[in-house]
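These are the residues of each chain, in order.
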Amino acid sequence: MNTMKIYDIGIVGAGPGGIAGAIRAKKHGLNFVVIEKGHRPFQGIIDSYPKGKKVYATIPKGETAPFPIEALAPVPDKLPVEAYIDQIEALVIKSGFAICYGEDFQNIEKRGDFFTITTQNRRFQTRFVILAFGSNIPMDLGVYGEAKTIARSLDNPEDHIGFPTLVLGGGNAAADVVATLSGAKRKADDPTPVYWGNMKEQFKVNKDVARDLGEEILVGGHIRILQGAIPRIGEVDEEGVDRLTLLTQEIDAGNGMILKQAMSFPMKHVIACIGTQGPAPIFSRLGLQQITCTEGVCRIGKEGSRLILLTGNFQTSVKGIYAIGGAVSPAYIEVQQEGAFKERKHTNLIYTAIKDAICAVDDIVSKSTQ
Ligand SMILES: Cc1cc2nc3c(=O)[nH]c(=O)nc-3n(C[C@H](O)[C@H](O)[C@H](O)COP(=O)(O)OP(=O)(O)OC[C@H]3O[C@@H](n4cnc5c(N)ncnc54)[C@H](O)[C@@H]3O)c2cc1C
């Protein structure tokens, strides 16, 4: 007997789109679950906005309507991001929403009338799905074997005290994590190093980040740099620990012999800050139809980019699955009722994500009552 709770809607992502979807679903009396890989509402904004950035309540050109859910607009306009997140968090707590934090969405399967949404830990059964995971999808590590448990940002430096830790990536985000982690270990008198592995030979960091990192090294930070270090295999060792093996050097020993030097880290002590990609690979994996832009077909999308096919209400080519907000920006293809395709410019704004969510939930309500 299936005893799993069945939700009307599974919302993936607790950004402006996901939280707006929750507010609207609650208003309609639907039961829903929000699945968020981070630990706070608007985690995507927390991760991508610079500290102290002012949040603008921008309304797209040509739109006259105010913010469709006023409580989600920064008040006052140009509120620093930290205060905006506090505003949203208070709203979410007051609303009592069921948000499952720390759950990284992996897959959706349809069986009969229900979808099963899978995360790394759990499964959720839902009648409808709204994909509100934004546009900042972490790049795949591209290693053989399962490496999904590797963190993409530094949640808590304390978790790594006493353990050698590997930070992967050659940019500002990785450098920031290396400096923060090294500082935390130093203050805790922890002699274990922070390894900074970059697949390329060159690091690309801005002056401020380089200065912070330089200061950390000068005051005794224990940082080891691994250039040209390539993650190779994700595997489970004989003690059942998920490990990532990093190839650090290859030496041609002659006669067809190659000497390889590698390091292996438990995945829970690896943080991969290797950049982001758009959601097109996820849409493909879920079997949601997309069109590849070629000259003459798309005016907004870049040549070679893939644009998702959506109805006017943001339903994808798989009935019951909707995609909204940053995930479908900067453009998508609208499939109109008479079967015509129209390329739609879609601004990536808080306002737009909220409006999309309302439209999708209202469509779900109209379908549920049919
Ligand atoms: C630097 C910067 C400044 C900006 N400034 C403004 C501004 O001032 N005003 C404005 O209107 N807009 C601004 N924007 C745009 C605005 O932030 C986005 O349009 C908006 O956040 C999109 O909302 P969303 O809910 O679609 O996606 P997001 O905000 O990206 O939220 C997606 C959520 O899904 C979660 N998620 C992602 N993958 C998974 C997964 N696999 N499993 C579970 N959860 C997942 C993320 O952690 C995140 O919390 C700015 C954007 C940037 C990058």
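Because the structure is a prediction, the values reported are computed rather than measured.

**Q** Just to check I follow, could you spell out the overall build of the chain for this structure?
**A** Looking only at helices and strands, the chain has seven helices and 22 strands in total. Here the chain has a C-alpha radius of gyration of 23 Å; the compact-globule value for 370 residues is 21 Å, and the two agree. For the chain, the spread of C-alpha atoms along the three principal axes comes to 70 × 55 × 50 Å. Across the 370 residues that make up the chain, the buried fraction comes to 35%. Partitioning the contacts of the chain with sequence separation of at least 6, the portion at a separation of at least 24 is 67%.

**Q** Just to check I follow, could you spell out the packing of helix α1 (residues 16–27) against helix α7 (residues 350–368) for this structure?
**A** What describes two packed helices is the angle between their axes and the distance between those same axes. In the contact formed by α1 and α7, the axes pass within 8 Å of each other and the chain directions differ by 40 degrees. Crossing hand, α1 versus α7: right-handed. Residues Pro16, Gly17, Ala20, Gly21, Arg24 and Ala25 of α1 pack against Ile350, Ala353, Ile354, Asp356, Ala357, Ile358, Ala360 and Val361 of α7. For the contact of α1 with α7, the per-class residue count stands at 10 nonpolar, two polar and two charged.

**Q** Would you mind going over the site of the ligand with me for this structure?
**A** Taken together, 33 residues are adjacent to the ligand, and Gly13, Gly15, Gly44, Gly134 and Gly325 come closest. For the shell around the ligand, the secondary-structure elements that each account for two or more residues are α1, β2 (32–36), α2 (43–48) and α7. Of all the elements, α2 adds the most residues to the shell around the ligand, at four residues. Of the residues in the shell around the ligand, the class split is 16 nonpolar, 14 polar and three charged.

**Q** Looking at this structure, how should I read the domain arrangement of the chain?
**A** Interface size is commonly expressed as the accessible surface area that is lost when the partners come together. Taken domain by domain, the chain consists of domain 1 (6–138 + 278–368) and domain 2 (157–272). The straight-line distance from the C-alpha centre of domain 1 to that of domain 2 is 34 Å.

**Q** I keep staring at the pairing of strand β21 (residues 331–335) and nothing clicks. Help me out?
**A** Consecutive side chains of a regular strand alternate in pointing toward one face of the sheet and then the other. Relative to β21, strand β19 (residues 306–310) runs parallel, the two sharing two bridges. Considered in β21, the bridge of Leu309 is made with Ile333. With antiparallel pairing between neighbouring strands as the criterion, β21 and strand β22 (residues 341–345) make up a hairpin whose turn holds five residues, including Gly339 at a positive phi of roughly 95 degrees.

**Q** For this particular structure, what's the right way to read the sheet that holds β19?
**A** Strand pairing in a sheet relies on backbone hydrogen bonds, with the paired strands running either antiparallel or parallel. The mixed open sheet is built from four strands, whose spatial order is β18-β19-β21-β22. Strand pairing shows two members of the sheet lacking a second neighbour, β18 (290–292) and β22, which therefore form its edges. On average, each strand axis in the sheet is tilted by 35 degrees relative to the strand beside it, whichever way the strands run. Summarising the sheet, β21 and β22 pair through five bridges and their orientation is antiparallel. By the bridge assignment for β22, Tyr332 is matched with Arg344.

**Q** Teacher, can you tell me more about unusual backbone geometry here?
**A** Trans is the prevailing form of peptide bonds, just as negative phi is the prevailing case for residues other than glycine. Residue Pro76 follows Val75 across a cis peptide bond; omega there is -5 degrees. Along the polypeptide, Pro76 turns up in the loop between β3 (54–55) and β4 (79–80). Residue Pro330 is bonded to the preceding Ser329 through a cis peptide linkage, with omega at 5 degrees. Checked against the element boundaries, Pro330 lands in the loop between β20 (321–323) and β21. Of note, Asn255 is a non-glycine position whose phi angle comes to about 50 degrees, a positive value. Summarising the element assignment, Asn255 is placed in the loop between β14 (242–254) and β15 (257–266).

**Q** When you look at the sheet that holds strand β16 (residues 270–272) in this model, what are you seeing that I'm missing?
**A** Pairing is parallel in the open sheet, where four strands are placed in the order β12-β11-β10-β16. Only two strands of the sheet have a single partner each, and these edge strands are β12 (223–227) and β16. For this sheet the average axis-to-axis angle between neighbouring strands, irrespective of direction, equals 20 degrees. Bridging between strand β10 (residues 165–168) and strand β11 (residues 194–198) involves four bridges; their strand directions are parallel. Considered in β11, the bridge of Leu168 is made with Gly197.

**Q** I keep staring at helix α3 (residues 81–95) and nothing clicks. Help me out?
**A** Three- or four-residue spacings in an α-helix give side chains the same orientation, since the helix completes a turn every 3.6 residues. Counted at 1.5 Å a residue, the expected span for α3 with its 15 residues is 21 Å, and the 21 Å between its end C-alpha atoms agrees. Residue Gly96 follows α3 closely and has a positive phi angle near 70 degrees.

**Q** Mind showing me how you'd approach helix α4 (residues 172–187) here?
**A** For α4, spanning 16 residues, the distance from its first C-alpha to its last is 23 Å, which sits close to the expected 22 Å at 1.5 Å a residue. For α4, the set of buried residues is Ala173, Ala174, Ala175, Asp176, Val177, Val178, Ala179, Leu181, Ser182 and Lys185. For α4, the elements touching its buried residues are β10, β11, α5 (207–218), β12 and β16. Phi turns positive one or two residues past the end of α4, at Asp189, with a value near 55 degrees.

**Q** Hey, could you run me through the nonpolar core in this one?
**A** As a rule of thumb, nonpolar side chains are buried together in soluble globular proteins. The biggest cluster of nonpolar side chains holds 58 residues, and the ones touching the most others in it are Val12, Val129, Ile130, Leu131 and Ile324. Per-element accounting of this core gives the leading share, eight residues, to α7. Not counting the four nearest positions on each side in its chain, Leu131 is found in contact with Val12, Ile321, Tyr322, Ala323 and Ala327. Membership of the second largest hydrophobic core comes to 28 residues, among which are Ile150, Ala151, Ala174 and Val177.

**Q** Explanation requested: the pairing of β14 in the structure shown.
**A** The sheet contact formed by strand β13 (residues 230–236) and β14 spans six bridges and is antiparallel. If you follow Ile230 over to β14, its bridge partner there is Leu247. One ladder, built from 10 bridges, connects β14 with β15; its direction is antiparallel. Residue Glu250 lies in a different strand from β15, and its bridge partner there is Lys260. What sits between the antiparallel neighbours β14 and β15 is a turn of two residues, in which Asn255 has the positive phi angle 50 degrees.

Here is what the cut-offs are and how they apply
- Residues numbered from 1 in each chain as written.
- Predicted model: local features only at pLDDT ≥ 70, side-chain atom pairs only at ≥ 80, totals over all residues.
- Helix = DSSP H or I, 4+ residues; strand = E, 2+ residues; numbered from the N terminus.
- Rg over C-alpha atoms; globule rule 2.2 N^0.38 Å.
- Buried ≥ 20, exposed ≤ 12 C-beta atoms within 10 Å, placed from the backbone.
- Contact = placed C-beta atoms within 7 Å.
- Axes fitted to C-alpha atoms, helices over the stretch in contact; angles between N-to-C directions.
- Left-handed = near helix turned anticlockwise from the far one by under 90°.
- Nonpolar A, V, L, I, M, F, W, Y, C, P; charged D, E, K, R; others polar.
- Near = placed C-beta within 6 Å.
- Domains from an automatic or database assignment.
- Pairing = 2+ DSSP bridges.
- Expected span 1.5 Å × (residues − 1).
- Core = buried A, V, L, I, M, F, W, Y, C linked by C-beta atoms within 7 Å.

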